Amino acid sequence: MPDGNTPRRYSSVLREIEALRSESGVTNIALLLVSLHGLAEVNRALGYLAGDRVLEAVTDRVAGIGRAQDRLVPIDGSLFAILVRNPLHEGHAVLGAEKALRVVAEPVEFAGQRGVERARLRARVGIALWPGTATSAEELLRQCEWAIDEARRRDESWMVYRDVAAAADAPKPAAWFEIDDALRQGEFEIHYQPKIDLRTGVLCGAEALARWRHPVRGLLPPGYFMPVIEGTESVRTLLWYALNTSLRQAAEWVRRWPDFRVAVNASPTNLADADLVELLSEALHIWNLPAGHLVLEITESALMHDPAQSVRRLQGLRELGIHISIDDFGTGYSSLAYLKNLPADELKIDRSFISGITANDTDRRLAESVVQLGHAVGLEVVAEGIEDDATRQALVAMGCDIGQGYHLGRPASGADFESQWSSPATDPPTTRAAPESGPCEERRESAG
């Protein structure tokens, strides 16, 4: 049962889990933790009353997917639990998760000030089963939270917690204060993944990737810390660290590779920061690096949190001369008209569109369309997730400008990156003749 230290918002669901476990005839339970997303966007676009209507409608829908003996327990405005009594098997719980995801995603219509309004939310679901490895209600709930974090890291809609060897060895999400302490204690480092001009095989730049060198768990990728610190001051701390580390390194590398650009990722919280332009300007000044050597990568979905503000922020960055890259293109919700008016320089095709282009005609045609679209609006096009030479060759044939992926180069520390790419024995990934100009040069006439 919850003790005095348990947050009140979890008390009701913990009581319900314990009560169900003690019921006569209950041999197993599936706990589904449903996390809703997109309510803030609805509130901003349509108002808080509209947001309440949408949330109420979605909650009613999810409550309707269960059987009479199952229980829906609200935790807060965007998080609730579904307790499935005596599920037949794990697939029964997964079916419930898929139903929940489906009804959440269905549009909600209601009467608004401008007539009939439409809005919809998104969700992720974490699933944990009892009996299993959890010995208490609280541990079962934590397993669901871990499953949601793992689903976010893998960009999946739902995930089942399993205590098999792989799951037991996987690092569990850290608490916010652990990550904040790690940032202050110097446990983070930056690795660099090469970006290659696909037409010439020449090194064009690198993406700076944050890694946490955990003293016990080893090297951890962003999926284990970014979801935890998103929305906190630690996100700004991490960006400042990434900027200073990568710009200091880039200032050295541009003497060796004059066209080299370093790409740094900015989160939705960073993009919403009113001081973002000033922050980047200060970092460039500290390391005396021309702004044209910095690329700021912004995900398509982050831009849609507040499109008007995002455009203003990006315009300010481009006025400094910083290059703007739209990351994970194709996974968000932006329209073609919106893309046309974005102050951007680069379009980055998500790896999910790249992995199947040599085996699936639909994937290949989609990738070709994105390349053509990017070029039509004057953007360089980057393909990430190139894992073999056949994929590289297919992208070259499409006219894609820049490539990233394990086939071209894995992320490495600054010293290892420099050693690898400075070696005269390093063979370029392609032997195509160099054209008169490559994608490392400006496709647009100016950065303004």
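Look above for the structure.
Starting from 1, residues in each chain are numbered consecutively following that chain's sequence as written. Note on the predicted model: pLDDT of at least 70 is required for a residue's local features to be given, and 80 or more for side-chain atom pairs to be given and counted; whole-chain, interface and lining totals, by contrast, use all residues. Side-chain metrics rest on all non-hydrogen atoms present in the structure, leaving aside hydrogens and water.

Caption draft 1: Fine view of the environment of V377. Within the secondary structure layout, V377 lies in the loop between α15 (361-376) and β15 (380-383). The class for V377 is partly exposed, based on a relative accessible area of 22%. C-alpha separation for the pair V377 and L339, spaced 38 residues apart in sequence, amounts to 8.2 Å. To qualify as a helix, a DSSP run of H or I must reach at least 4 residues; to qualify as a strand, a run of E must reach at least 2; elements of each kind are numbered from the N terminus. Using a 1.4 Å probe on the protein chains alone, a residue whose accessible area is under 20% of its type maximum counts as buried, one over 50% counts as exposed, and one in between counts as partly exposed.

Caption draft 2: Fine view of the pairing of strand β1 (residues 29-37). Of all nine residues making up β1, eight are buried, and the element is well covered by its neighbours. Direction of pairing for β1 relative to strand β6 (residues 122-130): antiparallel, over a ladder of nine bridges. Within β6, the residue paired with H37 across the bridge is R122. Any two strands between which DSSP finds at least two bridges are classified as paired.

Caption draft 3: Highlighting the packing of helix α11 (residues 276-286) against helix α13 (residues 307-320). Helix axes use the C-alpha atoms of the stretch in contact, all axes being lines fitted to C-alpha atoms, and the angles between their N-to-C directions lie in the range 0 to 180 degrees. Two elements in contact, α11 and α13, have axes whose closest approach is 9 Å; the angle formed by their N-to-C orientations is 20 degrees. Taken together, α11 and α13 sit at an angle that is classed as roughly parallel. Judged by the sense of rotation from one axis to the other, the crossing of α11 with α13 is right-handed. Taken together, the residues of α13 that come into contact with α11 (itself represented by L276, V277, L280 and S281) are R313, G316, L317 and L320. Grouping the constituent residues of the contact of α11 with α13 by class yields five nonpolar, two polar and one charged. Relative orientations are named as follows: roughly parallel for angles under 35 degrees, roughly antiparallel for angles over 145 degrees, roughly perpendicular for angles from 65 to 115 degrees, and oblique for any other angle. Each crossing gets its handedness from the near helix: less than a right angle anticlockwise from the far helix is left-handed, clockwise is right-handed. Here, residues are in contact when the closest pair of their heavy atoms is within 4.5 Å. In this classification, the charged set is Asp, Glu, Lys and Arg, the nonpolar set is Ala, Val, Leu, Ile, Met, Phe, Trp, Tyr, Cys and Pro, and all remaining amino acids, among them Gly, are polar.

Caption draft 4: Representation of the sheet that holds β6. A sheet is described by the order of its strands in space; here five strands give the open sequence β2-β3-β1-β6-β7, paired in mixed fashion. Looking along the sheet, the strands with just one partner apiece sit at the ends: β2 (71-76) and β7 (158-160). Each strand of the sheet is rotated relative to its neighbour by a mean of 20 degrees, with strand direction disregarded. Sheet analysis places β1 next to strand β3 (residues 79-85), joined by seven bridges and oriented antiparallel. Within β3, the position partnered with A30 by the bridge is V84. The strands touched by helix α5 (residues 137-154) within the sheet are β1, β6 and β7, with β6 carrying the most contacts at an inclination of about 135 degrees.

Caption draft 5: Up close: the environment of F225. Note on placement: F225 falls in the loop between β10 (218-220) and α8 (226-229). Since its relative accessible area comes to 0%, F225 is described here as buried. Separated by 13 residues in the primary sequence, F225 and W212 have C-alpha atoms spaced 8.2 Å apart. Setting aside residues no more than four positions away along its own chain, F225 makes contact with I179, F188, A210, R211, W212, L220 and L238.

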